[in-house]
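Each chain, written out:
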Amino acid sequence: MKRTIRDLAELQGKVVLCRVEFNVPIDEAGRILDATRIIKAIPTIEYLSQKGAKVVLLSHLGRPNGYDIRQSLWPIAVLLMKKIKASVTFCNSVIGDEVKDRINAMKNGDVLLLENVRFYKGESECDMKFAKQIASLGQIFVDDAFGVAHRENASNFGVARLLPNAIGFLMEKELNALTTFMEKPKRPFVAVLGGSKVESKIKILNRFIEVADVLLIGGAMAYAFVSAQGKSTGLLNIQRENVEIAKGILEKAQALGKKILLPVDHACVRESDPKKNVIIVENIVKDMIGYDIGPKTVRLFSDEIAKAGQIFWNGPMGWYENSRFIKGTKGIAEAIAQAKGYTLVGGGDTAAAVNSFGFAKKIDYLSTGGGATMKFIENGSLPAIDVIQEKYI
Ligand code: ADP
Ligand code: 3PG
Ligand code: MG
């Protein structure tokens, strides 16, 4: 069992570096479209603050290539200032003298949010020099960022190796929920997978086909499988490697006698149509591009969901942020909300979709992790959590 913040004895006056997961959908104007991940981190932040720690928050947002004002954490600082029962300030860098000065000026219980850690290239590479610079800012490290725990980044995996550490309340809750979910899966176990992070998620389906009974694949992920079936994906070019992985998964499913259902119709637009009217087709051809699953697929998938003992869902079924391509994701969200089986839904965007449809209360467990939940189901552990100290040593 991992050490949690409850096990940290002396917090009064200590600088606690707390990695949180504030990678939330934000629009061009800097408006936060779904604050779930931020709200769920508050209990840990307030606990540390109430224990008299100086709380320094670290997070990434998006996948920036160097500094990019559109991916600044400033809008999140503004929200925290309203939501947190403590004084919250923001610093527009992560390392260096300015940050040190700001920390020196903090009073016990204050909260300071640092800028997007991914503005520094050492973050994603887990450069230990960068991790050391971060670690030098504080005395204790708390990891509450479940959503990124599958990544070995400097501000989670790296810093944890350099400081006494523990997990936060959200991380603990997420781990408990997933462990229970996977301990004795209720059959049939139906996994619904979609989204756009195909590169980092498709390989994991090799494991899903072993642990689940039925896979329902939609979203951008589905096109690699459509291509693997020898069908056209129109204007969308699918990476050869992903098509090969998809082929392997389809063969493995057959060998194991497991069921994989793929979209039987698609919501597309034609590049040649100046009005870009949405058309529903069974086969994507020539100058078409698919952005959502079609109505027959929603019915096909919903029937499987209704029969499930437990359901896992990560990844929207289409480009749901665009109202013309919302129906697939909404239809599946509704089927999952109405399902009799136990439902666990995860992912920044998937949770945002479920919230926007008003179904959140009808989901048994809504996780903040997408890739992280998938990796946990694949391996039963996550690298950034593995490096956290055990409770009794
Ligand atoms: P999560 O955050 O829930 O883990 P991902 O980040 O993998 O999910 O994917 C979410 C994104 O995938 C959304 O922005 C959605 O618009 C996009 N998406 C899903 N299917 C498609 C598609 N067919 N075409 C374009 N975008 C898609
Ligand atoms: C997520 O939203 O899945 C996490 O924040 C991880 O983001 P990443 O895939 O860009 O590492
Ligand atoms: Mg996402």
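Structure: see above.
Definitions and cut-offs
Residues numbered from 1 in each chain as written. Chains lettered and ligands numbered in written order. Predicted model: local features only at pLDDT ≥ 70, side-chain atom pairs only at ≥ 80, totals over all residues. Heavy atoms only, no water. Pairing = 2+ DSSP bridges. Helix = DSSP H or I, 4+ residues; strand = E, 2+ residues; numbered from the N terminus. Axes fitted to C-alpha atoms, helices over the stretch in contact; angles between N-to-C directions. Contact = heavy atoms within 4.5 Å. Near = heavy atom within 4 Å. Polar contact = N/O pair within 3.5 Å; in protein donor to acceptor, adjacent residues only side chain to side chain. Areas by Shrake-Rupley, 256 points an atom, 1.4 Å probe, with all protein chains shown as cover. Buried < 20%, exposed > 50% of the residue type's maximum accessible area, 1.4 Å probe, protein only. Lys, Arg positive; Asp, Glu negative; His and termini not counted. Salt bridge = Lys/Arg side-chain N within 4 Å of Asp/Glu carboxyl O. 1 Å grid on protein atoms, 1.4 Å probe; cavity = no way out; pocket = protein on both sides within 12 Å on 5 of 7 lines; lining within 4 Å. Points joined across faces, edges and corners; volume = space filled by probe spheres on them. Nonpolar A, V, L, I, M, F, W, Y, C, P; charged D, E, K, R; others polar.

A.B. asks: What is the right way to read the sheet that holds strand E7 (residues 189–193) from this model?
C.D. replies: Across a sheet, paired strands are connected by hydrogen bonds in the backbone, their directions being either parallel or antiparallel. Spatial ordering of the open sheet is given by E9-E8-E7-E13-E14-E15, a layout of six strands whose pairing is parallel. Each edge of the open sheet carries a strand with a single partner, namely strand E9 (259–261) and strand E15 (365–367). Strand-to-strand twist in this sheet, taken as the mean axis angle between neighbours without regard to direction, amounts to 15 degrees. The pairing of strand E13 (residues 310–314) with strand E14 (residues 342–346) spans five bridges and is parallel. Across the sheet, residue Gln310 finds its bridge partner in E14, namely Tyr342. Lying on the sheet, helix H15 (residues 348–357) is in contact with E13, E14 and E15; it crosses E15 at an angle near 130 degrees.

A.B. asks: What's the story with the site of ligand 2 in this structure? I'm lost.
C.D. replies: Every residue close to ligand 2 is listed here: Glu21, Asn23, Arg37, His60, Arg63, Arg118, Gly147, Arg151 and Lys197. His60 has a polar side-chain atom sitting 2.9 Å from an oxygen atom of ligand 2. Arg151 is positioned with one of its side-chain polar atoms (N or O) 2.6 Å from an oxygen atom of ligand 2. Across the complex, the protein chains shield 94% of the 320 Å² of accessible surface that ligand 2 would expose by itself.

A.B. asks: Would you explain the side chain of Asp143 in this entry?
C.D. replies: Among the structural elements, Asp143 can be located in strand E5 (residues 140–143). Comment: no salt bridge for buried Asp143; closest opposite-charge side chain is Arg19, at 6.1 Å. Within polar-contact distance, the side chain of Asp143 engages the backbone nitrogen of Ala145 at 2.9 Å. Setting aside chain neighbours within four positions, we find Asp143 in contact with Arg19, Asn156, Ala166, Ile167, Gly168, Met171, Ala384 and Ile388.

A.B. asks: Looking at this structure, I do not really get empty space enclosed by the protein. What am I missing?
C.D. replies: Here the structure, examined in full by the defined rule, presents one cavity of 30 Å³ or more. By volume, the largest cavity is sized at about 40 Å³. Pro25, Asp34, Thr36, Arg37, Gly347, Gly348, Ala351, Ser367 and Thr368 are the residues that line the largest cavity. Of all elements in the fold, only helix H1 (36–39) and H15 reach the threshold of two or more residues within the lining of the largest cavity. Class assignment for the residues of the lining of the largest cavity results in two nonpolar, five polar and two charged.

A.B. asks: Mind showing me how you'd approach the pattern of salt bridges here?
C.D. replies: Two side chains of opposite charge can pair, provided their charged atoms sit close to one another. Here the structure, examined in full by the defined rule, presents 19 salt bridges. Taking the shortest distance from any N to any O, the salt bridge between Asp27 and Arg31 comes out at 3.0 Å. Classification of Arg31 by relative accessible area gives exposed; the value is 54%. Several salt bridges converge on common partners, so that one network encompasses Arg207, Glu210 and Lys252.

A.B. asks: For this particular structure, what's the right way to read the sheet that holds E5?
C.D. replies: Strand order in the open sheet formed by six strands is E3-E4-E2-E1-E5-E6, and the pairing between neighbours is parallel. Each edge of the open sheet carries a strand with a single partner, namely strand E3 (88–91) and strand E6 (165–167). On average, adjacent strands in this sheet sit at an angle of 25 degrees to one another, irrespective of strand direction. Examined bridge by bridge, strand E2 (residues 54–58) and strand E4 (residues 111–114) share three bridges and lie parallel to one another.

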